[in-house]
Amino acid sequence: SDSRHLAALARAHVDFADGLAQHFRGAHNDAVTALARAEPTLREAGSPLAEWAALYRGAAEIFRGHYAVADRLLHDVRRNSAPDQPAVAGKALWLLGVSQLVRGAYDVANHRYREARPFFERAGEPENLGAISYLLAEGLQFSGQIPAGQSEALLGLQLLSPFRRS
C-alpha cells in the first residue's frame, strides 16, 4: 500500500540522516549499518540520495580499513551517478583517491583527484575544487613532486580564500 511504502521511505531518510551523522562523528561501524539499511529503499524509490548513501558508506569503509569494499562501492557510485549529479561523481573519485593515498599509492590517488576536478567544475562547487587542490598538493608532495605540490597548494589557497570564514 501507499502508506506502507511512504513509511519505508521515511525510515530510509531517517537512516540516511543517522548514517551521515554517525559518519561525521567518527562512528563508522554505525554509519555503515544505517546507510546500508537506507540505500535499497532509496534506490527502489529512484531517490538521488541512494548514491549519496552508497558514497558515505564507502567513506566509512575507508576509515574502517575495508578498502576493497570501499572501492567497489565508490566505483559503483561513479558508474551509476546521473549526469545531473556531478557532485556525487566527483566525491566518489575524491574518495577513491583517499582510499589509494592511505595505502601509499600516491600516483593513483593523484590521478583520481585530477579526474574529480571536471565534475566539481560542472557542479559549480569551487570549495570542492579547492579541497581537491589541497588533496592533490598533499599527494604530489608524498610522491616527491615538491614543486608541483607547492603550486597545487597555492591554487587550493586561491580557490578556498573566498570561504575563509566558513
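Residues numbered from 1 in each chain as written. Predicted model: local features only at pLDDT ≥ 70, side-chain atom pairs only at ≥ 80, totals over all residues. Heavy atoms only, no water.

So, on to the overall build of the protein. When helices and strands are counted, the protein shows eight helices and zero strands. Reading the protein from its N terminus to its C terminus gives the helix and strand order α-α-α-α-α-α-α-α. On C-alpha atoms alone, the protein measures out to a radius of gyration of 17 Å, which is about the 15 Å that the 2.2 N^0.38 rule sets for 166 residues. Counting only C-alpha atoms and orienting by the principal axes, one finds that the protein spans roughly 60 × 30 × 30 Å. For the protein, buried positions account for 45% of its 166 residues. Contacts spanning at least 24 positions in sequence make up 52% of the contacts within the protein whose residues lie at least 6 apart. Roughly 8,800 Å² of accessible area belongs to the protein as shown, and the carbon and sulfur atoms make up 56% of that amount. Counting 18 positive and 18 negative side-chain charges, the protein places the centres of these two groups 1 Å from one another. (Helix = DSSP H or I, 4+ residues; strand = E, 2+ residues; numbered from the N terminus. Rg over C-alpha atoms; globule rule 2.2 N^0.38 Å. Buried < 20%, exposed > 50% of the residue type's maximum accessible area, 1.4 Å probe, protein only. Contact = heavy atoms within 4.5 Å. Areas by Shrake-Rupley, 256 points an atom, 1.4 Å probe, with all protein chains shown as cover. Lys, Arg positive; Asp, Glu negative; His and termini not counted. Charge placed at Lys NZ, Arg CZ, Asp CG, Glu CD.)

For the rest of this paragraph, the subject is the pattern of salt bridges. For the structure shown, the criterion picks out nine salt bridges. Here arginine 37 and aspartate 15 are joined by a salt bridge, their closest N and O atoms 3.1 Å apart. Highlighted residues: arginine 37 in helix 2 (residues 28-44) and aspartate 15 in helix 1 (residues 2-25), separated in sequence by 22 residues. On the basis of relative accessible area, arginine 37 is assigned to the partly exposed category, the value being 45%. (Salt bridge = Lys/Arg side-chain N within 4 Å of Asp/Glu carboxyl O.)

Ranked by size, the top nonpolar core spans 41 residues in total, and within it Leu42, Leu55, Trp94 and Tyr113 carry the most contacts. Breaking this core down by element, the ones donating at least two residues are helix 1, helix 2, helix 3 (49-63), helix 4 (67-80), helix 5 (86-101), helix 6 (106-123) and helix 7 (126-142). In terms of residue count, helix 5 provides more of this core than any other element does, 10 residues in total. (Core = buried A, V, L, I, M, F, W, Y, C linked by side-chain atoms within 4.5 Å.)

Attention now goes to the packing of helix 5 against helix 7. It is at 12 Å that the axes of helix 5 and helix 7 come closest, and there the two elements cross at 20°. Overall, the two elements helix 5 and helix 7 adopt an arrangement that is roughly parallel. For the crossing formed where helix 5 meets helix 7, the hand is left-handed. Of helix 7, the residues touching helix 5 (which contributes Lys91, Trp94 and Leu101) are Asn128, Ala131, Ile132, Leu135, Glu138, Gly139 and Phe142. (Axes fitted to C-alpha atoms, helices over the stretch in contact; angles between N-to-C directions. Parallel < 35°, antiparallel > 145°, perpendicular 65-115°, else oblique. Left-handed = near helix turned anticlockwise from the far one by under 90°.)

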